[in-house]
Amino acid sequence: MTQFHARITGRDQQAMADLVRKYKVLVARHTVAKVAEGYCVDAHASDEQIRAMTADGYSVEKREDALAEGKARQAEIRPNAAAAPRAEFTVAKVASYLSVDDVEAALAAAVKAPFDEFTALIKLPNATWEKRVCQALKIGKGAGSRVGIYFLGGVHAREWGSPDILLHFIQLLTDAYLNHRDITLGTMTFTAQQIKSIVETKDIFVFPQANPDGRDYSMRKESMWRKNRRPAPEGHKKPSCVGVDVNRNYDFLWNFPQYFDPQSAVQNSTSPCDHDVYIGPEAGSEPETKNAVWMFDEYPHIGYFVDLHSYSEDILYNWGDDVDQSSDPSMNFQNPAYDGKRGVADDTAYREFIRAEDKKKAVKLANVMRDGIKAVRGRVYKTEQSLSLYPTAGTSDDYAFSRHIVDTTKTKVFSFTIEWGSQDNPTPFHPPYPEMKKIIDEVTCGLLAFCVAAQ
Ligand SMILES: [Zn+2]
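Residues numbered from 1 in each chain as written. Predicted model: local features only at pLDDT ≥ 70, side-chain atom pairs only at ≥ 80, totals over all residues. Heavy atoms only, no water.

*Asks:* For the domain arrangement of the protein, give the residues involved together with the corresponding values.
*Replies:* Taken as a whole, the protein is organised into domain 1 (4-73) and domain 2 (77-455). Computed over C-alpha atoms, the centres of domain 1 and domain 2 are 25 Å apart. Contact between domain 1 and domain 2 buries roughly 2500 Å² in total, counting both sides, with carbon and sulfur atoms accounting for 57%. In this structure, Arg 63 and Asp 424 form a salt bridge, with 3.7 Å as the shortest nitrogen-oxygen distance. Taken together, the links from domain 1 to domain 2 amount to eight residue pairs in polar contact (both at pLDDT 80 or more). With six residues, the single largest contributor to the side of domain 1 that touches domain 2 is helix H1 (residues 13-21). Residue classes in the side of domain 1 that touches domain 2 are distributed as eleven nonpolar, six polar and eight charged. (Domains from an automatic or database assignment. Buried area = accessible area lost by both parts, 1.4 Å probe. Salt bridge = Lys/Arg side-chain N within 4 Å of Asp/Glu carboxyl O. Polar contact = N/O pair within 3.5 Å; in protein donor to acceptor, adjacent residues only side chain to side chain. Helix = DSSP H or I, 4+ residues; strand = E, 2+ residues; numbered from the N terminus. Nonpolar A, V, L, I, M, F, W, Y, C, P; charged D, E, K, R; others polar.)

Next comes the structure, spelled out in structure tokens:
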């Protein structure tokens, strides 16, 4: 099997939609660019897919062989050093991606005295298919009414940098609070007073490694693995029949064939053997999804949520199923009158309702993260609605924001997805670590700025 990173150009928007509808190519969203020859997008495709597209008139620029390059990245990962001292897991000091065990060890180190005065480990209730137990961390000191902020990472197996980013965030924030120090990243400084205010007036929940089975498989076997490791259904022998895409498994328009227009280029699949975007046997079926959701239920004061993914340097806000509109509240994801009409970006048959003031606040917070990221080395992430030519269903950010609409007793959760890293990096899902370190710093800066701004 081969998987090439490729730049694909087609003559019009329909041709670009066909990449998903007809050729089942995995497209890095939000990068459909207008070029002289038509439209262009960054994607990953097999030799077979590339041949079929080329025969049908697409122009395909083959970039790196992702699996061959991935092997080089895999070879850099250190053997597990779970018994090593805290310094071994300090992201600022390590030279390669944290292994699955490293991430858990780093979390354990984050609650050793004296950090335990303001940090606590949270054991997630659902063991993964390979029987791993996941942990999250709460950072916060004091009681009373507090703002809850929740950062999630490591959902997609091959996006190796997200747990490292979140561990770096934890290490910087807890060290600075303990030592009454400022944090400076690039041109942005968070004062000791701001750090104190974050820790003493807000609860920060960090769940850095939501899909450890998938990460382990991606780091040791197939570097381009994305899903979890649910065993393949009986009678299915192909390796791609293992696993569910956790970020298509949430209870938001999950059963997409019922809700979406058949012509929609929705990036979801009902086939268990789809290599990337199988939605699972039912909404919320996966232990990884259940754990991510459990955090919202267990800590109902969570009002802000950021899910870390890669790549394409985007900061996305709701919604992902169709274009936002603020004029017709009845045109919404719960209304069955619109079943079969959702998910076509350039029509008016359906658009997803969001209150104007909510959208305004979401855009403002997305811009805060963008400015934090930019302060480190000038990379400007694009802030935009999650919907693109390729809509989605069953994702974490739409699920999180939909909770208060489905059940009005629940807290409104402003929700975002960050797609870190540039498409120009070799192996953009797991760039060489010297580049990843720069991404770690910039996204950490964006998250700290978010923590200051989220009220
Ligand atoms: Zn992802």
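*Asks:* Talk me through the coordination of the zinc ion; I want residue IDs and the actual numbers.
*Replies:* Protein-derived coordination of the zinc ion comes from His 156 (ND1), Glu 159 (OE), Glu 159 (OE) and His 309 (ND1), at a distance range of 2.0 to 2.4 Å. Relative to the metal, the four donor atoms surrounding the zinc ion lie at angles of 57 to 148°, and the coordination shape comes out irregular. Read in sequence order, the donor residues for the zinc ion give the motif H-x2-E-x149-H. Accessibility assignment for this pair places His 156 and Glu 159 in one class, buried. (Donors = N, O, S within 2.8 Å, 3.2 Å for Na, K, Ca; no water. Tetrahedral: all angles 85-135°; square planar, octahedral: opposite > 155°, others 65-115°. Buried < 20%, exposed > 50% of the residue type's maximum accessible area, 1.4 Å probe, protein only.)

*Asks:* Any chance you could break down the pattern of salt bridges for me, citing the residues and the numbers?
*Replies:* The tally for this structure, following the rule as stated, stands at 32 salt bridges. Close ionic contact of Glu 357 with Arg 355 constitutes a salt bridge, the shortest N to O distance being 2.6 Å. Each of Arg 7, Asp 42, Glu 61, Arg 63 and Asp 424 takes part in one network of salt bridges that share partners.

*Asks:* Now, about the pairing of strand E8 (residues 147-152): what can you tell me, with residues and values included?
*Replies:* With five of six residues buried, E8 is to be regarded as a mostly interior element. Note: E8 against strand E11 (residues 202-207), six bridges, orientation parallel. Bridged to Ile 149 within E11 is Ile 204. Examined bridge by bridge, E8 and strand E12 (residues 302-310) share five bridges and lie parallel to one another. The residue bridging Leu 152 from the neighbouring strand is Asp 307, located in E12. (Pairing = 2+ DSSP bridges.)

*Asks:* Lay out the side chain of Asn 425 in plain terms, naming residues and giving numbers.
*Replies:* Mapped onto the elements of the fold, Asn 425 is located in the loop between strand E17 (414-420) and helix H12 (433-453). Residue Asn 425 is classed as buried on the basis of its relative accessible area, which comes to 10%. The contacts of Asn 425, once residues within four sequence positions are left out, are His 5, Glu 64, Pro 431, Glu 435 and Ile 439. (Contact = heavy atoms within 4.5 Å.)

*Asks:* Go over helix H9 (residues 287-298), please, and point to the residues and values.
*Replies:* Given a rise of 1.5 Å per residue, twelve residues ought to cover 16 Å, and the 16 Å separating the end C-alpha atoms of H9 matches this to within 8%. Among all positions in H9, only Pro 287, Glu 288, Thr 289, Asn 291, Ala 292, Val 293, Met 295 and Phe 296 are buried. (Expected span 1.5 Å × (residues − 1).)

*Asks:* Got a sec to walk through the state of the cysteines? Specific residues and values, please.
*Replies:* On inspection of all chains with the given rule, the structure shows one disulfide. Disulfide pairing places Cys 241 opposite Cys 273 at an S-S distance of 2.1 Å. The chirality of the disulfide connecting Cys 241 with Cys 273 is right-handed, given an S-S dihedral of about 105°. Of the two residues, Cys 241 sits in the loop between helix H7 (212-220) and helix H8 (256-259) while Cys 273 sits in the loop between H8 and H9, which places them 32 residues apart along the sequence. You can call Cys 273 buried: its relative accessible area is 17%. (Disulfide = S-S within 2.5 Å.)

*Asks:* Could you give an account of the nonpolar core, with specific residues and numbers?
*Replies:* Counting 63 residues, the largest nonpolar core has Phe 151, Phe 169, Phe 416, Leu 447 and Phe 450 as the members making the most contacts within it. Broken down by element, this core gets its largest block of residues, eleven residues, from H12. Sequence-distant contacts of Phe 151, defined by excluding residues within four places in its chain, comprise Leu 166, Phe 169, Ile 204, Phe 205, Val 206, Phe 207, Val 306, Leu 447, Phe 450 and Cys 451. By size, the runner-up hydrophobic cluster in this structure holds 38 residues, among which are Tyr 150, Leu 253, Phe 296 and Tyr 350. (Core = buried A, V, L, I, M, F, W, Y, C linked by side-chain atoms within 4.5 Å.)

*Asks:* How would you summarise the sheet that holds E8 if you had to cite specific residues and measurements?
*Replies:* With mixed pairing, eight strands are arranged side by side in an open sheet as E6-E7-E11-E8-E12-E17-E13-E16. On the outer flanks of this sheet lie strand E6 (119-123) and strand E16 (382-385), each paired with one strand and no other. On average, adjacent strands in this sheet sit at an angle of 20° to one another, irrespective of strand direction. Across four bridges, strand E13 (residues 314-317) lies against E17 in antiparallel orientation. Within E17, the residue paired with Asp 314 across the bridge is Glu 419. Helix-sheet contacts for helix H6 (residues 192-201) involve strand E7 (135-139), E8 and E11, and the interaxial angle to E11 is about 85°. (Axes fitted to C-alpha atoms, helices over the stretch in contact; angles between N-to-C directions.)

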